[in-house]
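Letter by letter, the chains look like this.
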Amino acid sequence: MKMPALIAALSLLMLQPALALEAGEPAAGQTRYGANCINCHGKTGKGLAEFPALVGLDGVHVAQRLTRYRSKEELGPNSAVMWSIAGELSDADIANIAAYVSATFK
């Protein structure tokens with residue numbers, strides 16, 4: 001693959017979570033957040049124990065992180081926990097959670 005084609009392909013991959021975010025539904029994200037995320041990140045998104053806060057994160061960042069966890073990329077000390085959870089998420093789930101987090105935990 002030539003360099004311009006590689007750059008174009010990588011750019012598209014980086015935009016994918018942002019494009020999916022446009023279709024995100026905060027209400028559906030709230031349901032999914034309540035089923036999984038709340039256990040570690042808390043009701044207010046401030047994080048519990050060693051789990052990080054989600055307050056102030058934008059939806060694109062959340063979607064990118066969840067997508068990377070779903071791919072089993074190691075991103076920190078809680079990666080193994082996130083792999084099992086994010087591994088079950090569809091693109092729509094990720095978009096919905098990202099929309100909920102960015103709209104709720106400002």
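First, a word on scope: everything that follows refers to the structure included in this document. (Residues numbered from 1 in each chain as written. Predicted model: local features only at pLDDT ≥ 70, side-chain atom pairs only at ≥ 80, totals over all residues. Heavy atoms only, no water.)

A short note on the overall build of the protein chain
Note the threshold: Helix and strand definitions here come from DSSP, where helices need a minimum of 4 consecutive H or I residues and strands a minimum of 2 consecutive E residues; each element is numbered from the N-terminal end. Burial classes: relative accessible area under 20% of the type maximum marks a residue as buried, over 50% as exposed, and values in between as partly exposed (1.4 Å probe, protein chains only). Any two residues having at least one pair of non-hydrogen atoms within 4.5 Å are treated as being in contact. Only the protein chains shown count as cover for residues, and all accessible areas are computed by the Shrake-Rupley method using a 1.4 Å probe.
From N to C terminus, the protein chain includes five helices and zero strands. The helix and strand sequence of the protein chain, counted from the amino end, reads α-α-α-α-α. Looking at the protein chain as a whole, 31% of its 106 residues are labelled buried. Put simply, of all contacts in the protein chain between residues at least 6 apart along the chain, 60% involve residues at least 24 apart. Element-wise, carbon and sulfur atoms account for 62% of the exposed surface of the protein chain, whose accessible area totals about 6,500 Å².

Let's talk about the packing of helix H3 (residues 59-70) against helix H5 (residues 91-104)
Inclusion rule: Lines are fitted to the C-alpha atoms to define the axes, a helix being fitted only along its stretch in contact, and any angle between axes, read from their N-to-C directions, falls within 0 to 180 degrees. Crossings are sorted by hand: turned counterclockwise from the far helix by less than a right angle, the near helix makes the crossing left-handed, and turned clockwise it makes it right-handed. Put simply, Ala, Val, Leu, Ile, Met, Phe, Trp, Tyr, Cys and Pro go in the nonpolar bin, Asp, Glu, Lys and Arg in the charged bin, and everything else, Gly too, in the polar bin.
Where H3 contacts H5, the two axes come as close as 8 Å, and the packing angle between them is 145°. The interaxial crossing formed by H3 with H5 has right-handed handedness. Facing H3, whose interface residues are Gly 59, Val 62, Ala 63, Leu 66, Thr 67 and Arg 70, H5 presents Asp 91, Ile 94, Ile 97, Ala 98, Val 101 and Ser 102. Partitioned by chemical class, the residues of the contact of H3 with H5 number seven nonpolar, three polar and two charged.

Side note on the nonpolar core
Selection rule: To define a nonpolar core, start from buried Ala, Val, Leu, Ile, Met, Phe, Trp, Tyr and Cys residues and group those joined through side-chain atoms within 4.5 Å.
Within the largest apolar cluster, 16 residues are counted, with the highest numbers of intra-cluster contacts made by Tyr 33, Leu 66, Leu 89, Ile 97, Val 101 and Phe 105. For this core, the secondary-structure elements that each account for two or more residues are helix H2 (26-41), H3, helix H4 (79-86) and H5. It is H5 that contributes the most residues to this core, five residues altogether. If we ignore the near neighbours within four places in the chain, the residues touching Tyr 33 are Ile 38, His 41, Gly 42, Gly 45, Leu 54, Tyr 100, Val 101 and Phe 105.

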